[in-house]
Amino acid sequence: NARRIGDHLRARLDELSSLNVITDIRGKGLLIGFGLARDAAKGVPWRAEVRFGQQVARRAMEKGLILRADPDWIALAPPLTITLEEADVLFDLLAETLHEEVGARKG
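Residues numbered from 1 in each chain as written. Predicted model: local features only at pLDDT ≥ 70, side-chain atom pairs only at ≥ 80, totals over all residues. Heavy atoms only, no water.

Visitor: Looking at this model, I keep getting lost on the overall build of the protein chain. Mind explaining?
Guide: Along the backbone of the protein chain there are three helices and four strands. Going residue by residue from the N terminus, the α and β elements of the protein chain occur as α-β-β-α-β-β-α. Over its C-alpha atoms the protein chain spans a radius of gyration of 13 Å, differing by no more than 12% from the 13 Å that the globule rule assigns to 107 residues. Along the first, second and third principal axes, the C-alpha set of the protein chain runs to 40 × 30 × 20 Å. Looking at the 107 residues of the protein chain, the share that counts as buried comes to 39%. Here the protein chain has roughly 6,000 Å² of accessible surface; of this, 52% comes from carbon and sulfur atoms. Considering the protein chain, the positive charge centre built from 16 side chains and the negative charge centre built from 16 side chains are found 5 Å apart. (Helix = DSSP H or I, 4+ residues; strand = E, 2+ residues; numbered from the N terminus. Rg over C-alpha atoms; globule rule 2.2 N^0.38 Å. Buried < 20%, exposed > 50% of the residue type's maximum accessible area, 1.4 Å probe, protein only. Areas by Shrake-Rupley, 256 points an atom, 1.4 Å probe, with all protein chains shown as cover. Lys, Arg positive; Asp, Glu negative; His and termini not counted. Charge placed at Lys NZ, Arg CZ, Asp CG, Glu CD.)

Visitor: Help me out: how do you make sense of helix 2 (residues 52–62) in this one?
Guide: Quick reminder: α-helices carry 3.6 residues per turn. Residues three or four places apart thus point the same way. Within helix 2 the residues assigned to the buried category are Phe-52, Gly-53, Val-56, Ala-57 and Ala-60. With its buried residues spanning 140 degrees around the axis, helix 2 presents them on a single face. In helix 2, the exposed residues that point more than 90 degrees away from the buried face are Met-61 and Glu-62. Structurally, helix 2 contributes buried residues whose contacts are with strand 2 (31–36), strand 3 (68–70), strand 4 (73–76) and helix 3 (84–106). Just downstream of helix 2 lies Gly-64, where phi reads positive at about 95 degrees. (Arc of directions from axis to C-beta. Contact = heavy atoms within 4.5 Å.)

Visitor: I keep staring at the nonpolar core and nothing clicks. Help me out?
Guide: Across soluble globular proteins, you tend to see nonpolar side chains buried next to one another. The biggest cluster of nonpolar side chains holds 29 residues, and the ones touching the most others in it are Leu-9, Leu-16, Phe-34, Phe-52, Leu-67, Leu-94 and Leu-98. Every element with two or more residues in this core is listed here: helix 1 (2–13), strand 2, helix 2, strand 4 and helix 3. Broken down by element, this core gets its largest block of residues, seven residues, from helix 3. Beyond its immediate chain neighbours, meaning those up to four positions away, Leu-98 contacts Leu-16, Leu-19, Ile-22, Phe-34, Phe-52 and Val-56. (Core = buried A, V, L, I, M, F, W, Y, C linked by side-chain atoms within 4.5 Å.)

Visitor: What am I meant to see in the packing of aromatic side chains here?
Guide: The description of an aromatic ring pair rests on the distance of the ring centres and on the angle between the ring planes. In this structure the tally under the stated criterion is one aromatic pair. Judged by centre distance (4.3 Å) and plane angle (5 degrees), the rings of Trp-46 and Phe-52 are stacked. Overall, Trp-46 belongs to the buried group, its relative accessible area being 6%. (Phe/Tyr/Trp six-rings, centres within 6.5 Å; stacked < 30°, edge-to-face > 60°.)

Visitor: Can you help me understand the packing of helix 2 against helix 3 in this one?
Guide: Think of two packed helices as two axes; the pair is described by the angle between the axes and how far apart they sit. In contact at an axis separation of 9 Å, helix 2 and helix 3 are set at 130 degrees when each is read in the N-to-C sense. Considering the angle they form, helix 2 stands oblique to helix 3. Along this stretch, helix 2 crosses helix 3, giving a crossing that reads as right-handed. Judged by residue contacts, Phe-52, Gln-55, Val-56, Arg-58, Arg-59 and Ala-60 of helix 2 engage Thr-97, Leu-98, Glu-100, Glu-101, Val-102, Ala-104 and Arg-105 from helix 3. Residue composition of the contact of helix 2 with helix 3, by class: six nonpolar, two polar and five charged. (Axes fitted to C-alpha atoms, helices over the stretch in contact; angles between N-to-C directions. Parallel < 35°, antiparallel > 145°, perpendicular 65-115°, else oblique. Left-handed = near helix turned anticlockwise from the far one by under 90°. Nonpolar A, V, L, I, M, F, W, Y, C, P; charged D, E, K, R; others polar.)

Here it is in structure tokens:
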């Protein structure tokens, strides 16, 4: 289950490439992390004071999604018993949160 759902979440993360903030996706099974940059294509980082990853985690927490985060990365670690449907809810909340935070910072 961890491999199947983890592969599904990693594939879904590719859907967020248009945001141009995810630098790399890594991990194994359900432990998935990804780097963050202001311009992922050019490797331009966020200014340190922006604390982008932590701002995303704060906004996600308001929606009920708990993430591990640092200024430059986010990690997902859902329970091993997560279903495909629950993984899609997790992803949808993450995507919504990233879109909002990118819009607030770049818009």
